[in-house]
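Coordinate analysis (summary)
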Amino acid sequence: MSDNKTSQLITDGLWYNNGIFVQMLGMCPTLAVTTSAENGLGMGLATTFVLLGANVVVSLIRNFIPSAVRIPGYIIVIAAFVTIVDLSMNAYLHDLHKVLGIFIPLIVVNCIILGRAEAFASKNGVFASAIDGIFTGLGFTLALVVLGSVRELLGSGSLFGQALLGSDFHPSLVFVLPPGAFIALGFILVGVRWINAKRDNEAA
Amino acid sequence: MSQTNQLMKSSPHVHDGDSVTNVMEAVIWALMPATAMAVMIFGWTALLVIVITTLSCLVTEHLFLKLRQRPSAIADRSAALTGILLALTLPPHAPWWMCVAGGVFAILVGKQVYGGLGYNMFNPALIARVFLLISFPAQMTAWPPVTPLFSEQSYSLGDSIAIVMTGKVGAPELADAVSSATPLGQYRTETGLGKTVQEALGGGYGGYDEVRAAGGLIGGSLGETVRCWGRWGGGYLLRKKVITWHIPVSMLAGCLVPATIFWTYDPAHFPDPTFHLLTGGLIIGAFFMATDMVTSPITSKGQIIFGLGCGLLTYLIRTWSGYPEGVSFAVVIMNAVVPLIDQYTRPRVYGHMA
Amino acid sequence: MFGFMHGGGESAADGGSPALSAIEMLPIPQRLYLPLRQHAGYPSVPCVTVGQKVGKGEVIGRADVWGSVPLHAPTSGTVVAVTACPTGHPTGLTQLAVVIEPDGAERWSEAVQGMVDPLNAAPSLLREQIRAAGIVGLGDECFPSHLKLTPPRGKRVDLLLINGAECEPGLSVHERLMVERANEILSGIQIIMRIVSAKQCFIGIEQGKSAAIQAMTQAAWGVAGVRVQGVPAMRPHGVRQQLVAALTGKNLSLGARLLDRRLLVHNVSTACSIHDAVWRGRPLLSRVLTVAGGGIARPANLEALIGTPLRHLIDHCGGLQSGVDQLFLGGPLLGQAVNTQDVPVLKSSTAVLSFLPAAGVAKPQQPCIRCGRCVEACPMGLVPAEMARRVRKGQLMRVAELQLHDCTECGFCGFVCPSHIPLLDTFRYAKWVLQAEKWGRQPPSVGGGHALSERDGTAGEPAVVAPPAVVMAEAVAVREEVTVGSASGKGARAVRAAHAARAAKAAKASRDQAK
Ligand code: SF4
Ligand code: SF4
């Protein structure tokens with residue numbers, strides 16, 4: 001495994017093949033829990049942990065699991081990690097766990113995780129799968145934090161709970177409500193494409 | 001056979017001379033009586049609200065088209081029209097930042113992200129109003145009492161600027177300004193507490209007076225209060241054939257027919273149809289909002305269905321939902337159904353059965 | 001306060017319309033050019049030789065089949081050529097025509113004979129007389145009248161509708177005819193009623209044309225079964241469906257054809273020429289047309305001999321204004337642009353129009369605002385806005401679903417579109433691409449790029465170009481190929497290849513010709 005390939009896994013996971021910005025996978029948690037940057041970060045890290053664990057285990061068992069039942073197999077693996085996350089968050093980050101609520105157990109059905117297991121971990125070695133899991137997860141976290149920050153800033157005037165914009169700013173409630181998630185994500189996507197297009201132009 | 005230098009063109013060789021700009025201008029003219037009335041009734045603040053909103057629409061349109069590297073289209077007047085329409089849905093003391101936010105949202109999210117004029121799904125002015133209503137519920141439902149221009153209650157120009165620029169309607173000397181509820185709001189709150197319509201609105205609807213309502217002399221958003229003048233403008237558009245009767249008539253019918261039925265059934269709990277007609281934004285909505293061409297069906301049959309839907313939803317929202325007024329929600333919801341309506345109301349092609 | 005007038009365009013369309021100027025007889029020109037295909041159906045066959053003297057009304061083009069009509073010499077004179085001459089088509093393509101040099105004597109041919117007592121004659125004799133006189137519907141479709149007067153077996157006509165509205169905006173031919181020749185029109189109507197044994201006739205005249213209504217009412221006084229009826233001014237004018245709806249309350253767009261409703265529609269000028277043909281034996285030798293538009297110095301209604309070159313009409317009306325660069329044969333909506341004043345007046349020519357550069361459709365295109373005016377205007381019940389949207393998106397198959405092929409290319413939709421979208425050109429383009437695809441070939445790119453321009457082609461010039469001659473020739477060649485190669489299978493492909501070469505050759509030929 002060359003460095004080259006590793007660095008490509010890293011940049012792909014973080015940016016070029018970002019689960020949210022490019023593949024538009026895992027929209028439920030993305031839109032639902034990003035009412036603040038903190039929520040986004042928590043959700044992102046939880047998912048990253050699950051991704052890492054699931055990728056490693058799936059990669060380990062990839063040669064033993066019959067292909068006809070591989071999806072249920074992956075789901076069980078993922079579910080195990082989700083349970084770990086769920087219980088430990090409940091124990092150590094109880095407040096955040098209360099906010100994220102049902103979306104923690106729902107990580108099980110996050111398409112990004114199943115997608116990486118099926119598309120990557122089941123065909124690659126443990127090390128590569130681990131790298132892929134970590135950076136896909138961090139890419140996901142990045143997206144959620146960006147979206148969460150934008151929504152929190154516009155919707156509550158604060159960032160990570162710190163009031164930023166002063167009392168003259170009138171927070172726009174809609175951004176902490178579901179429609180705001182769609183609108184904000186739309187504009188973030190515009191921004192991402194714009195950056196990419198600009199760089200492509202320069203490269204060309 | 002000598003050739004002369006006539007240009008070759010294909011038919012049709014003439015045009016009835018109308019243009020999009022004309023259409024938009026006609027609608028703007030038609031809104032002028034209502035707008036002037038709004039300023040008369042609410043004073044300078046109304047004028048400031050209208051000017052700020054319209055300007056922010058124009059600036060957004062210009063900048064965004066520039067960003068998209070398209071020729072600026074503010075000359076087609078559609079952005080100005082959106083601005084005026086949006087302003088008419090705002091409360092008379094709307095603070096400046098709300099006007100700007102609404103204007104930017106209307107053009108950016110309501111129109112340009114879809115591809116600009118002609119491609120938007122939702123009425124830009126109404127989608128912006130809905131946005132503001134959800135975002136800033138307190139400011140969007142602060143209804144000051146009417147303060148006709150040049151009357152005793154009216155604010156001076158300086159006070160008006162202060163109100164709009166600081167958003168502090170409750171400055172000490174203006175404190176009593178932030179009070180009255182709209183009749184629709186009053187009806188919903190009070191009947192919600194178990195009172196009858198008569199009790200809610202005062203004996204014989206005393207507090208709410210039909211004549212004053214028709215003339216616009218009750219609280220509400222700029223456009224809501226000027227219904228009678230709005231209807232004039234609507235009539236002008238009909239005469240000029242800018243709009244057809246289908247949407248306004250069917251929208252009014254869609255709201256008033258169920259209103260009549262329920263009122264006949266139980267006058268204690270359902271106000272009479274004139275109450276529905278003369279309060280809130282039904283008239284201005286029926287003539288100016290629902291008739292927006294881009295976001296309404298293209299065939300007359302479809303327009304009738306659309307209008308009925310708008311009216312009915314308005315009635316449902318006013319009577320049973322969490323909001324006292326539902327014209328903008330109703331129209332926006334029906335906007336979403338327009339492609340479907342269009343699909344099923346195509347005219348029958350001549351010579352084809354069905 | 002309301003300083004602008006919406007819809008002021010009506011006057012642009014009617015610009016300089018000589019609504020009330022009486023019909024003038026145009027002097028005989030120096031030469032007459034008589035193309036042999038002037039009606040729908042099989043062209044007539046020339047039956048004169050160069051140098052032959054012909055009398056007024058003498059047959060110069062034979063009708064060999066029942067579906068065709070003969071062509072007559074409009075005045076007495078000498079045949080100087082039977083040759084190709086330009087026709088009113090944008091391609092500038094030519095057509096076989098008989099050229100006559102008038103002798104000015106106006107000597108009638110002996111063959112011209114009126115009928116005695118036609119109102120009691122057998123319908124078949126009347127039809128034959130009408131056919132022999134070369135009468136065609138004088139709207140713009142030019143369908144031979146005797147065919148239209150022969151209902152298919154099992155069909156009956158109860159009600160005759162006479163269309164007194166103009167074919168297109170800006171014309172006043174029918175109005176003048178009704179004012180000046182009401183009695184002839186009435187007599188023609190009676191003959192038509194006799195032929196199809198209709199019991200009743202409604203004459204529909206637009207309200208507001210009071211002189212015409214008065215004249216026709218007077219003429220119809222006491223004539224059994226005939227009634228003059230004002231109909232609302234129609235926009236666009238003279239659409240048959242709208243006329244029928246206005247006159248009978250029957251809505252034709254409900255899928256029925258005219259004859260299924262026992263209806264027949266003719267227009268007043270056809271009725272007038274039927275009178276001349278039957279009572280006086282006069283063939284169709286001349287027609288009334290409006291010469292108008294801002295580019296014409298003195299607009300007028302002229303009665304011109306068939307075959308008169310446009311130049312003669314235009315000179316009679318004071319010539320073209322300077323700066324004029326557009327000339328049309330036919331009405332503003334359906335007319336053809338012509339590139340030379342040598343084009344002759346045909347039986348189908350309703351008008352000669354010329355506009356100053358500002359008056360036409362030359363305004364930048366704007367995005368469709370879904371105002372629905374095109375839907376309202378389309379006489380065929382189509383949804384032009386939606387069709388155009390699909391063409392712009394390249395969804396041609398989905399355009400066909402919207403019955404694109406029912407579009408009669410009347411142009412009403414483009415006339416009313418406030419966004420100045422070249423709707424008709426878009427449809428022509430789409431039809432043509434669909435045809436080409438059906439024939440299994442890649443369409444070459446076409447001149448008027450607007451059809452597929454950027455979706456909000458605000459910057460677009462109003463590029464209005466019919467498929468160029470090259471393309472037309474190619475299309476013709478392809479059509480031949482289909483007839484030949486329709487045997488299908490592998491053989492067909494070979495045939496197609498062979499014909500592709502021919503098509504390219506034809507295209508080149510016409511390109512050369514265009515130079
Ligand atoms: S040109 Fe075609 S689509 Fe347009 S109005 Fe005429 S028939 Fe309808
Ligand atoms: S008339 Fe023009 S602008 Fe109006 S709907 Fe039709 S195509 Fe669109």
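Residues numbered from 1 in each chain as written. Chains lettered and ligands numbered in written order. Predicted model: local features only at pLDDT ≥ 70, side-chain atom pairs only at ≥ 80, totals over all residues. Heavy atoms only, no water.

Description of helix α3 (residues 78-88) of chain B
Residue and element names in this part refer to chain B. Among the eleven residues that make up α3, eleven are buried, leaving the element largely enclosed by the rest of the structure. Considered for burial, the residues of α3 that qualify are Ser78, Ala79, Ala80, Leu81, Thr82, Gly83, Ile84, Leu85, Leu86, Ala87 and Leu88. Buried residues along α3 sit in contact with α1 (20-42), α2 (44-67), α4 (96-108), α5 (124-135) and α14 (282-289). (Buried < 20%, exposed > 50% of the residue type's maximum accessible area, 1.4 Å probe, protein only. Helix = DSSP H or I, 4+ residues; strand = E, 2+ residues; numbered from the N terminus. Contact = heavy atoms within 4.5 Å.)

Considerations on the interface of chain B and chain A
Counting residues at the interface gives eleven residues for chain B, matched by nine residues for chain A. Of the roughly 790 Å² buried between chain B and chain A on both sides combined, carbon and sulfur atoms contribute 77%. Inspection of the region where chain B meets chain A yields zero salt bridges. Elements with a minimum of two residues in the side of chain B that touches chain A: α4, α5 and α6 (137-140) of chain B. Here the residues of the side of chain B that touches chain A sort into nine nonpolar, two polar and no charged. (Buried area = accessible area lost by both parts, 1.4 Å probe. Salt bridge = Lys/Arg side-chain N within 4 Å of Asp/Glu carboxyl O. Nonpolar A, V, L, I, M, F, W, Y, C, P; charged D, E, K, R; others polar.)

Description of the site of ligand 1
Residue and element names in this part refer to chain C. If you check the shell around ligand 1, you find 14 residues, and the closest are Cys378, Cys407, Cys410, Gly411 and Cys413. Counting only elements with at least two residues in the shell around ligand 1, the list comes to α11 (384-392) and α14 (423-438). When grouped by side-chain class, the residues that make up the shell around ligand 1 number eleven nonpolar, two polar and one charged. (Near = heavy atom within 4 Å.)

Section: the packing of α2(B) against helix α7 (residues 157-166) of chain B
All names here are of chain B. At their nearest, the axes of α2 and α7 sit 8 Å apart, and the two run at 50 degrees to each other. It follows from the interaxial angle that α2 and α7 lie oblique. Where α2 crosses over α7, the two elements pack in a sense that is right-handed. The residues of α7 that touch α2, namely those facing Trp44, Thr45, Leu48 and Ile52, are Leu157, Ser160, Ile161, Ile163, Val164 and Met165. Its residues assigned to classes, the contact of α2 with α7 shows eight nonpolar, two polar and no charged. (Axes fitted to C-alpha atoms, helices over the stretch in contact; angles between N-to-C directions. Parallel < 35°, antiparallel > 145°, perpendicular 65-115°, else oblique. Left-handed = near helix turned anticlockwise from the far one by under 90°.)

Examining the nonpolar core
Counting 122 residues, the largest nonpolar core has B:Leu237, B:Phe288 and C:Ile369 as its most contacted members. In contact with C:Ile369, other than residues within four places in its own chain, are B:Val20, B:Val23, B:Met24, B:Leu117, B:Met293, B:Val294, C:Pro418 and C:Ser419. In this structure, C:Ile191, C:Met193, C:Ile203 and C:Ala219 belong to the second largest nonpolar core, which totals 48 residues. (Core = buried A, V, L, I, M, F, W, Y, C linked by side-chain atoms within 4.5 Å.)

As for the pairing of strand β17 (residues 351-355) of chain C
Residues and elements named next belong to chain C. Counting buried residues in β17 gives five out of five residues, a clear majority hidden from the surface. Burial along β17 is two-sided: Ala351, Leu353 and Phe355 facing one way and Val352 and Ser354 facing the other are all buried. The pairing of strand β13 (residues 286-292) with β17 spans three bridges and is parallel. If you follow Thr290 over to β17, its bridge partner there is Ala351. Across four bridges, strand β15 (residues 326-329) lies against β17 in antiparallel orientation. Across the sheet, Leu329 pairs through a bridge with Val352, a residue of β17. (Pairing = 2+ DSSP bridges.)

Regarding the sheet that holds strand β10 (residues 200-206) of chain C
All names here are of chain C. Reading across the sheet, the four strands line up as β11-β10-β9-β12 and stay open at both edges, with parallel pairing between neighbours. The two strands at the open ends of the sheet, each matched to only one other strand, are β11 (226-231) and β12 (263-267). Neighbour-to-neighbour, the strand axes of the sheet open up by a mean angle of 25 degrees, direction not taken into account.

Some remarks on the site of ligand 2
Inspection of the region around ligand 2 gives C:Cys368, C:Ile369, C:Arg370, C:Cys371, C:Gly372, C:Cys374, C:Ala385, C:Cys417, C:Pro418, C:Ser419, C:Ile421 and C:Leu423 as its neighbouring residues. Tallied by class, residues from the shell around ligand 2 come to nine nonpolar, two polar and one charged.

Describing the side chain of A:Thr34
Residue and element names in this part refer to chain A. By secondary structure assignment, the location of Thr34 is in the loop between α2 (27-33) and α3 (37-61). Overall, the relative accessible area of 0% leaves Thr34 in the buried class. Looking at Thr34, its side chain comes within polar contact range of the main-chain oxygen of Thr30, at 2.7 Å. Among the polar contacts made by the side chain of Thr34, one reaches the side chain of Arg151 at a distance of 2.8 Å. Other than its neighbours up to four places away in sequence, Thr34 contacts Pro29, Gly40, Leu144, Leu147, Gly148 and Arg151. (Polar contact = N/O pair within 3.5 Å; in protein donor to acceptor, adjacent residues only side chain to side chain.)

Focus on the packing of aromatic side chains
Aromatic ring pairs are defined here through the distance separating the ring centres and the angle between the ring planes. Within the structure shown, the criterion is met by twelve aromatic pairs over all chains. Ring geometry for A:Phe49 against A:Phe81: centres 6.2 Å apart, planes inclined by 70 degrees, an arrangement best described as edge-to-face. One end of the pair, A:Phe49, is in helix α3; the other, A:Phe81, is in helix α4 (residues 70-92), with 32 residues separating them in the sequence. Residue A:Phe49 is classed as partly exposed on the basis of its relative accessible area of 37%. For A:Phe81, a relative accessible area of 17% puts it in the buried group. Grouped by ring-pair contacts, the aromatic residues B:Phe262, B:Phe270, B:Tyr315 and B:Trp320 constitute a single cluster. (Phe/Tyr/Trp six-rings, centres within 6.5 Å; stacked < 30°, edge-to-face > 60°.)

A word on unusual backbone geometry
If you check the backbone angles, A:Met24 has positive phi at about 55 degrees while not being a glycine. Residue position: A:Met24 is located in the loop between α1 (3-16) and α2. Note on A:Met24: relative accessible area 36%, which makes it partly exposed. Although it is not a glycine, C:Ser197 adopts a positive phi angle of roughly 45 degrees.

Some thoughts on the environment of C:Cys417
Residue and element names in this part refer to chain C. Looking at the element boundaries, Cys417 is found in the loop between α13 (412-416) and α14. Classification of Cys417 by relative accessible area gives buried; the value is 10%. For the pair Cys417 and Gln365, spaced 52 residues apart in sequence, the C-alpha to C-alpha distance is 9.9 Å.

With respect to a nonpolar patch on the surface
Residue and element names in this part refer to chain A. A cluster of nonpolar side chains, namely Leu41, Leu45, Leu138 and Phe160, defines an oily patch on the protein surface of about 300 Å² accessible area. Within the secondary structure, Leu45 is located in helix α3. In this structure Leu45 comes out as partly exposed when scored by relative accessible area, which is 43%. (Patch = residues over 30% accessible without salt bridge, like charges linked within 9 Å, V, L, I, M, F, W, Y side chains within 5 Å. Areas by Shrake-Rupley, 256 points an atom, 1.4 Å probe, with all protein chains shown as cover.)

Here we look at α5(B)
Residues and elements named next belong to chain B. Under the 1.5 Å per step criterion, the end-to-end length of α5 is 16 Å for twelve residues, consistent within 8% with the ideal 16 Å. The buried fraction of α5 amounts to eleven of the twelve residues, a majority that puts the element mostly inside the structure. Turning to α5, its buried residues are Pro124, Ala125, Leu126, Ile127, Ala128, Arg129, Val130, Phe131, Leu132, Leu133 and Ser135. Its buried side turned inward, α5 meets α3, α4, α6, α14 and α16 (327-344). Structurally, the start of α5 carries an N-cap: the backbone nitrogen of Ala125 is 3.1 Å from a side-chain oxygen of Asn123. (Expected span 1.5 Å × (residues − 1).)

Re empty space enclosed by the protein
Residue and element names in this part refer to chain B. Inspection of the entire model under this criterion finds eleven cavities of 30 Å³ or more. Approximately 250 Å³ is the volume attributed to the largest cavity. Around the largest cavity, the lining is made up of 21 residues, and of these Met24, Leu81, Leu85, Asp292 and Met293 lie nearest the centre. Of all the secondary structure elements, the ones that give two or more residues to the lining of the largest cavity are α1, α3, α5 and α14. (1 Å grid on protein atoms, 1.4 Å probe; cavity = no way out; pocket = protein on both sides within 12 Å on 5 of 7 lines; lining within 4 Å. Points joined across faces, edges and corners; volume = space filled by probe spheres on them.)

As for the confidence of the model for chain B
All names here are of chain B. For chain B, the average pLDDT comes to 80, and 76% of its residues sit at 70 or higher. Low pLDDT, under 50, characterises residues 1-5; the stretch is placed with twelve contacts to residues that sit more than four places away or in other chains. Here residues 170-179 is modelled with pLDDT under 50, and outside its nearest four sequence neighbours on either side it reaches 13 contacts, counting other chains as well. (pLDDT = per-residue confidence, 0-100.)

Focus on the sheet that holds strand β7 (residues 77-86) of chain C
Residues and elements named next belong to chain C. What the four strands build is an open sheet, ordered β2-β8-β7-β4; its pairing is antiparallel. With partners counted over all chains shown, the strands left at the sheet margins are β2 (32-35) and β4 (53-54), one partner each. The sheet contact formed by β2 and strand β8 (residues 94-102) spans four bridges and is antiparallel. Opposite Leu34, over in β8, you have Val98 as the bridge partner.

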